[in-house]
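One letter stands for each residue in the lines below.
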Amino acid sequence: MSKNYSLTPQRRKKPQSRKKNYQENFAFLWKFCGFAVLMSNICVLLFSQTAFAAIASSKNYKLHTGSADGGGGIGSSTTYTADNSVGAPLNTVSALSSKYKIYGGLLNTVNLLPTVAVASFNDGGISVDNTPELKWNYQDKDADIQRYYQVQISKDNFKTSVVDTGLVSSKNDSFTTPQLSETEAGVVYRWRVRVSDGYDLSGWSTASFGFRLRPLAAQVPVIWAKTYIGGEEISPKMWQRDNDPYLYWEVPVVGLEIAGYSYSWDTPPDDTADTIATSYESPAGFLSDGIHTFYLKAQNTSGLWGDVANFEVWVDRTPPSIGGFSPTNGSTLAFDRPTIQISVTDEKSGVDPAGISLRINKAEVSAAYDDASKQVIYVPTIPLSEGDIVVSLEVKDLVGNRSSQLVWGFVVDTKAPTGYIIINNQDPITNSMYVTLTFKAEDATTGVSSIIISNDGVFDTEAWESYKTRYENWQIPAISGTRKVYVKFKDSAGNESEIFSDTIELVIIAPDTIITSGPSEFTTSREALFTFRSTLEDSLFRWKFDQDTEWFEWTNKNSIYKSDLIEGNHYFKVQAAKDLNKNGSIDPDEIDPTPAERTWTITSEGALKPKLPPKKPFRYWKEE
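These figures come from a predicted structure and were not determined experimentally.

Caption draft 1: Structural view of the overall build of the chain. When its secondary structure is counted, the chain shows 2 helices and 44 strands. When the 624 residues of the chain are sorted by exposure, 40% land in the buried category. Within the chain, residue pairs in contact and separated by at least 24 positions form 64% of the contacts whose partners lie at least 6 positions apart. Summed over its atoms, the accessible surface of the chain is roughly 35300 Å², and 50% of this surface lies on carbon and sulfur atoms.

Shown next as structure tokens:
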């Protein structure tokens, strides 16, 4: 051995026992370092009873030994291992084993182990940041600065690491974590740190309680619905007939476990868990017709509620409603292609145009639904048959609810009545202006309802009246000659027949009245005397003056005197009659139908003469 002995690894002979090697090394140290130096170091170790190691050194090396921890005497150690031997600042390790390490160079002081203590995020609390800054306190009695640190973060008590920095060459006493996954919110993170002064590593300082990230609320459930367990799926926001749905849901597997669910119908749920199950079956017939909303929210094990999910169930179990219709029930129509209209409404799912069943006399016809007017409409493409028409209607809505059957009817009658008229039982001649009319009319479908009679066939001022088969005392014009009476019939559908007529010869036998004398056409007299006569003996007379509205009573006098008449125009009418049938009264056909009349004018000038135009002067030229 030389004085400048170096333990730099070289090719060696077969090694001797570890104990023998150690003894040789110790002897070497004794020889070169001197008794005093060695003793002073050993005394420091023995009497201080600290956990640092004794050291034996030369110019080129430094030997650490462990004693206080029971690792053995001088020259041996169980304290230092490969885990906490990180090398000298200049990487001058010359020899290393599980019992010791030797540094090259002249080191003549004892190296005390550094210590570290976690200083943040160790209360199990919640971090508002998912990149927390972890801090620690570093101490070294040798006043060596921190040269390395290592941080590990785990959520399973360090079986695995979420973060492992490895040995980081830094004197910083803090470490900002990378972003921790938000899906791990609520999970407890533990962390630990160890440091090195460049010679030795401290032990691990562990944050036993660690920290949690801000707890995430429970995720929003995804909801589905069926008619029953194993039944048909119910689509949200679509009309259907089920009113007691089976609802089930699922929460995305993220973050904390679900502790329970709160649900309600039609109002947001409260903050009290109703179930831990992931399904709900509504009571039988639970929902009324209309739109209903099932609300659901989840609570996780951190106690936080998630946002509310909802599922709309639209229930329609009410069939369409059928209202008014036309033609009206029992009505009679005079046309054979009427428009058939029926009011149909459905407030929920709506009327299904393909669900309309309209039948005319049991034959299916194609009808349309007008959503704007809410009516089923059918216009026959071919004329309806004469007679009774029976209509039936059934309607479905879009979810299959079927209405009850509506049945009604009307009558189609497009053919006019037929008939005839007879005057006085077909007598050829009559002496009276009053005749008896007999009618006969028929209508095979709806029957005859009305009649209208006319003496001129124009039917302008006459009025329809209820149908009758006989008319007494119909008055024909009081003019001798052939007289005709016209008639039309109308059925209940409004069809008018053609014009029917009959004739009779009228020979008037009533007296004729003749005025035999009276005042002049123009007179100054304010008195008037009229005389008159009849073409038949023993006639009676009656008369009217001027504006009289009523006739004077019948009398056998054949003259009338009137005085105190005023100036102006005057009018006189006289009428003769005779009781021809000897019944003691004057019948209308025994009166002269054409009274005799006279008009005259009373004026102070007397008889009026026409005024002649004034004569023009006559001029002539005389030639001188």
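Caption draft 2: Main features of the sheet that holds strand β21 (residues 321-326). Spatially, the 4 strands line up as an open sheet ordered β21-β23-β27-β26, and their pairing is antiparallel. The sheet terminates laterally at β21 and β26 (368-370), the two strands that pair on one side only. Taken over all neighbouring pairs, the strand axes of this sheet differ in orientation by 30° on average, direction set aside.

Caption draft 3: Representation of the packing of aromatic side chains within the structure. Evaluation of the coordinates by the stated rule reveals 26 aromatic pairs. Consider the rings of phenylalanine 489 and phenylalanine 500, whose centres lie 5.9 Å apart with planes at 45°: the pair is tilted. Residue phenylalanine 489 is located in strand β36 (residues 481-491), and its partner phenylalanine 500 is located in strand β37 (residues 500-506); the two are separated by 11 residues in the primary sequence. Note on accessibility: phenylalanine 489 and phenylalanine 500 belong to one class, buried. An aromatic cluster is defined as three or more aromatic residues linked by ring pairs; in this entry it consists of Phe530, Phe532, Phe541, Trp543, Phe545, Phe552, Phe572 and Trp600. The side chain of lysine 297 reaches across the aromatic face of tryptophan 305, ending 5.0 Å from its centre.

Caption draft 4: A look at the sheet that holds strand β5 (residues 115-118). Sheet architecture is open: 3 strands sit in the order β5-β7-β11, paired in antiparallel fashion. Edge positions in the open sheet fall to β5 and β11 (174-176), since each of these has one partner strand only. Averaged over all neighbouring strand pairs, the angle between strand axes comes to 25°, with direction disregarded. Where strand β7 (residues 133-139) and β11 come together, 3 bridges link them in antiparallel fashion. Along β11, the bridge assignment pairs leucine 134 with phenylalanine 175.

Caption draft 5: Region of the structure containing the side chain of aspartate 502. Relative to the helices and strands, aspartate 502 resides in strand β37. There is no salt bridge for the buried aspartate 502, and the closest opposite charge comes from lysine 484, which lies 8.7 Å off by N-O distance. Engagement of the side chain of aspartate 502 in a polar contact is seen with the backbone nitrogen of isoleucine 423, the distance being 2.8 Å. Look past the residues within four positions of aspartate 502 in its chain and what remains in contact with it is Ile421, Ile422, Ile423, Arg483, Lys484 and Val485.

Caption draft 6: Summary view of the nonpolar core. Counting residues in hydrophobic clusters, the biggest one holds 22 residues, and the most contacted among them are Ile342 and Phe410. Secondary-structure elements contributing two or more residues to this core are β23 (340-345), β24 (351-360), β27 (375-378), β28 (387-397) and β29 (406-412). The residues touching phenylalanine 410, leaving out its near neighbours within four places in the chain, are Pro327, Thr328, Gly330, Ser331, Leu333, Pro338, Ile340, Leu384, Gly387, Asp388, Ile389 and Val391. Grouped together as the second largest cluster of nonpolar side chains are 19 residues, Val435, Ile453, Val487 and Leu506 included.

Caption draft 7: Expanded view of the pairing of strand β33 (residues 448-454). Summarising burial for β33: 6 of the 7 residues are buried, a large majority. In the sheet, β33 pairs with β36 via 6 bridges, with the strands oriented antiparallel. When the sheet's bridge partners are listed, isoleucine 453 is paired in β36 with valine 487. Bridge count for β33 against strand β34 (residues 465-466) is 2 bridges, and the pairing is antiparallel. When the bridges of β34 are listed, serine 450 appears paired with serine 466.

Caption draft 8: How the structure looks around the environment of aspartate 144. Tracing the sequence through the fold places aspartate 144 in the loop between β7 and β8 (148-154). For the pair formed by aspartate 144 and proline 114, sequence separation is 30 residues and the distance between their alpha carbons is 8.1 Å. Beyond its immediate sequence surroundings of up to four residues, aspartate 144 is in contact with Asn111, Tyr138, Asp197 and Tyr199.

Caption draft 9: Structural detail: the pairing of strand β19 (residues 290-300). Across the 11 residues that make up β19, a large majority, 9, are buried. Here 7 bridges tie strand β17 (residues 258-265) to β19, and the two strands are oriented antiparallel to one another. The partner of isoleucine 258 across the bridge, within β19, is asparagine 300. Relative to strand β20 (residues 309-315), β19 is paired through 7 bridges, and the arrangement is antiparallel.

Caption draft 10: Spatial organisation of unusual backbone geometry. Each neighbour pair has its own omega, and for serine 326 with proline 327 the value is -5°, a cis peptide bond. One can find proline 327 in the loop between β21 and β22 (332-333). Unusually for a residue other than glycine, lysine 374 sits at a positive phi of about 60°. The topology assignment puts lysine 374 in the loop between β26 and β27.

Caption draft 11: Molecular detail of the pattern of salt bridges. Scanning the entire structure with this criterion turns up 11 salt bridges. Arginine 402 is paired through a salt bridge with glutamate 394; the nearest N and O atoms lie 3.2 Å apart. Residue glutamate 394 is classed as partly exposed on the basis of its relative accessible area of 22%.

Caption draft 12: Just the confidence of the model for the chain, in detail. Of all residues in the chain, 78% have pLDDT values of 70 or greater, and the mean over the chain is 83. Looking across the chain, the model is least confident in helix α2 (residues 35-48), with a mean pLDDT of 36, and most confident in β20, with 98. This stretch, residues 103-108, has a pLDDT under 50; its non-local contacts, to residues over four places away or in other chains, come to 26 contacts. Here residues 618-622 scores under 50 on pLDDT; set against residues more than four positions off or in separate chains, the count is 0 contacts.

Rules used in this analysis
Residues numbered from 1 in each chain as written. Predicted model: local features only at pLDDT ≥ 70, side-chain atom pairs only at ≥ 80, totals over all residues. Heavy atoms only, no water. Helix = DSSP H or I, 4+ residues; strand = E, 2+ residues; numbered from the N terminus. Buried < 20%, exposed > 50% of the residue type's maximum accessible area, 1.4 Å probe, protein only. Contact = heavy atoms within 4.5 Å. Areas by Shrake-Rupley, 256 points an atom, 1.4 Å probe, with all protein chains shown as cover. Pairing = 2+ DSSP bridges. Axes fitted to C-alpha atoms, helices over the stretch in contact; angles between N-to-C directions. Phe/Tyr/Trp six-rings, centres within 6.5 Å; stacked < 30°, edge-to-face > 60°. Lys NZ or Arg CZ within 6 Å of the ring centre and 35° of its normal. Lys, Arg positive; Asp, Glu negative; His and termini not counted. Salt bridge = Lys/Arg side-chain N within 4 Å of Asp/Glu carboxyl O. Polar contact = N/O pair within 3.5 Å; in protein donor to acceptor, adjacent residues only side chain to side chain. Core = buried A, V, L, I, M, F, W, Y, C linked by side-chain atoms within 4.5 Å. pLDDT = per-residue confidence, 0-100.

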